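Descriptive structure summary
Spelled out, the chains give:
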Amino acid sequence: RQLTTSGGATAAAGGGGSGTGSGVVGEHVFPLFHSSASEFVRDHMPGTIPGCDLHSHPPTLKRFPDGAQYRVEIPSTEGLESIKSVVEEAKKHGVTVHRVSQGSGISMMPRHETLDMLRVGRDNGMEVCLFVTPRNAWDVSPTARTDGGRNSVSGHRGMDQVVIGLEDVMRGCEMGLRSILTNDWGLLWAVDEMKKQGKLPANLVQKISVQMGPPNALSAALLERHGAGTLNPPTDLTIPQLAGLRHAVDAPLDIYVEAPDNMGGYVRHYEVPQMIRSCSPMYVKLGLKKHADIYPSGGQLEGHVCALSRERVRRARMVLDIIERYAPELTMSEAGAEDLGIPEL
């Protein structure tokens, strides 16, 4: 894979050291004290792992394959009416939406509704990313419902659940789905092997959920090595911490610039220009403060979910206004970019 640099040239993915080969400018010296551990991580770990967070906010030269630096993602798009609301509101506000993602799960929609949702994505040049189910939160696990356990056991519980999850992926791909939301290391590995062996489409995007988002560069690199195509970091990472992830991996970072309350409730709109400079290629992901958890969604919540979808697009317009005012030189992909997981049906 080749990475497009800001000068239009290409640099091989995974080049060593700092500078243009790795896509980040600047030296990475642990700032608190001399650290042999930092030197080992920086100089001897495979790949391009920085020895510290990148406190100088260095710009990255990495880009999407089309040369752009950022795209827009609208999460929690929970079904057909929700994606229709996103499309309508995007036209109203002049927002290009490159990806919608859903949290309820592939198996939580009937086949005809899934097909219609995928058609809307295809017709509008948008990636449609659906979560793999079932997961612990939907199962009988009592630990998943405790304060201490809900994050530690957030993936697929037992091999039966992994197998059913893989069946969910295969069924989705048969309908034309080309992007899945993954929340389990084992599932990530199995899907990657199925892609390599021709059992699943080679262009299937594996998006890592924020629930298993990498909190540091080493975790990000390990996820990418096991098939992650796009990574959602935890919502509270600073720009230097995010820049460390970017230095280590080539995969896009899906960064919440506004997070739902159960993920921290942060509003970071004015940080977005520097996020893009330091973390490109990145998805500007619009969560939303001040609403109750909607998962798993369904007809009983449809009106509320559609209202939330519309507001997320409106928030996206606010962020794009900030980018256009303070960093108009930053480049956004056009709709329908070739590497998007746009449905095929």
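Further up the page is the structure itself.
Description of the structure in this document. (Residues numbered from 1 in each chain as written. Predicted model: local features only at pLDDT ≥ 70, side-chain atom pairs only at ≥ 80, totals over all residues. Heavy atoms only, no water.)

1. Examining unusual backbone geometry
Peptide bonds are mostly trans, and most non-glycine residues show a negative phi. For the bond from Thr 133 to Pro 134, the omega torsion is 0°, close enough to zero to count as cis. The residue Pro 134 is located in the loop between strand E5 (127–131) and helix H4 (158–175) in this model. Cis geometry marks the peptide bond from Ser 280 to Pro 281; its omega dihedral reads -5°. Its location among the elements puts Pro 281 in the loop between helix H8 (272–279) and strand E10 (282–286). Residue Ser 76 is not a glycine yet carries a positive backbone phi of 55°. You can call Ser 76 buried: its relative accessible area is 8%. (Helix = DSSP H or I, 4+ residues; strand = E, 2+ residues; numbered from the N terminus. Buried < 20%, exposed > 50% of the residue type's maximum accessible area, 1.4 Å probe, protein only.)

2. Examining the pattern of salt bridges
Considering all chains together, one arrives at 28 salt bridges under this definition. One salt bridge connects Lys 207 with Glu 73, and the closest N-O pair in it is separated by 3.3 Å. In this pair, Lys 207 is assigned in strand E7 (residues 205–208) and Glu 73 in strand E3 (residues 70–74), connecting sequence segments 134 residues apart. For the residue pair Lys 207 and Glu 73, the accessibility class agrees, reading buried in each case. With its nearest N and O atoms 2.9 Å apart, the salt bridge here joins Arg 119 to Asp 116. Highlighted residues: Arg 119 and Asp 116, both in helix H3 (residues 111–123), separated by three residues, approximately one helical turn. (Salt bridge = Lys/Arg side-chain N within 4 Å of Asp/Glu carboxyl O.)

3. Describing the side chain of Glu 73
Under the relative-accessibility criterion, Glu 73 is labelled buried at 0%. Polar side-chain contacts of Glu 73 include one of 2.7 Å to the side chain of Ser 101. (Polar contact = N/O pair within 3.5 Å; in protein donor to acceptor, adjacent residues only side chain to side chain.)

4. Focus: helix H6 (residues 217–225)
At 3.6 residues per turn, the α-helix brings residues three or four places apart onto the same side. Within the sequence span of H6, burial applies to Ala 217, Ala 220, Ala 221 and Leu 223. Taken around the axis of H6, the buried residues stretch over an arc of 160°, which confines them to a single face. Against the buried residues of H6 lie helix H5 (185–196), E7, strand E8 (230–231) and helix H7 (239–248). Here H6 starts with a cap whose side-chain oxygen sits 3.1 Å from the backbone nitrogen of Leu 218, and that cap is Asn 216. Remark: Gly 227 follows H6 within two positions and exhibits a positive phi of approximately 110°. (Arc of directions from axis to C-beta. Contact = heavy atoms within 4.5 Å.)

5. With respect to the packing of H6 against H7
Two numbers describe how H6 lies on H7: the axes approach to 8 Å, and their chain directions differ by 35°. The chirality of how H6 crosses H7 is right-handed. On H7, the residues that touch Ala 217, Ala 220, Ala 221 and Glu 224 of H6 are Gly 244, Leu 245 and Ala 248. Grouping the amino acids of the contact of H6 with H7 by side-chain chemistry returns five nonpolar, one polar and one charged. (Axes fitted to C-alpha atoms, helices over the stretch in contact; angles between N-to-C directions. Left-handed = near helix turned anticlockwise from the far one by under 90°. Nonpolar A, V, L, I, M, F, W, Y, C, P; charged D, E, K, R; others polar.)

6. Describing the nonpolar core
Ile 74, Leu 231, Met 282 and Val 284 are the most contacted members of the largest nonpolar core, which totals 67 residues. Among all residues touching Met 282, those that are not within four sequence positions of it are Phe 64, Gln 69, Tyr 70, Arg 71, Leu 253, Ile 255, Val 257, Met 275 and Ile 276. Phe 64, Tyr 283, Ala 337 and Leu 340 belong to the second largest nonpolar core, which has five residues in total. (Core = buried A, V, L, I, M, F, W, Y, C linked by side-chain atoms within 4.5 Å.)

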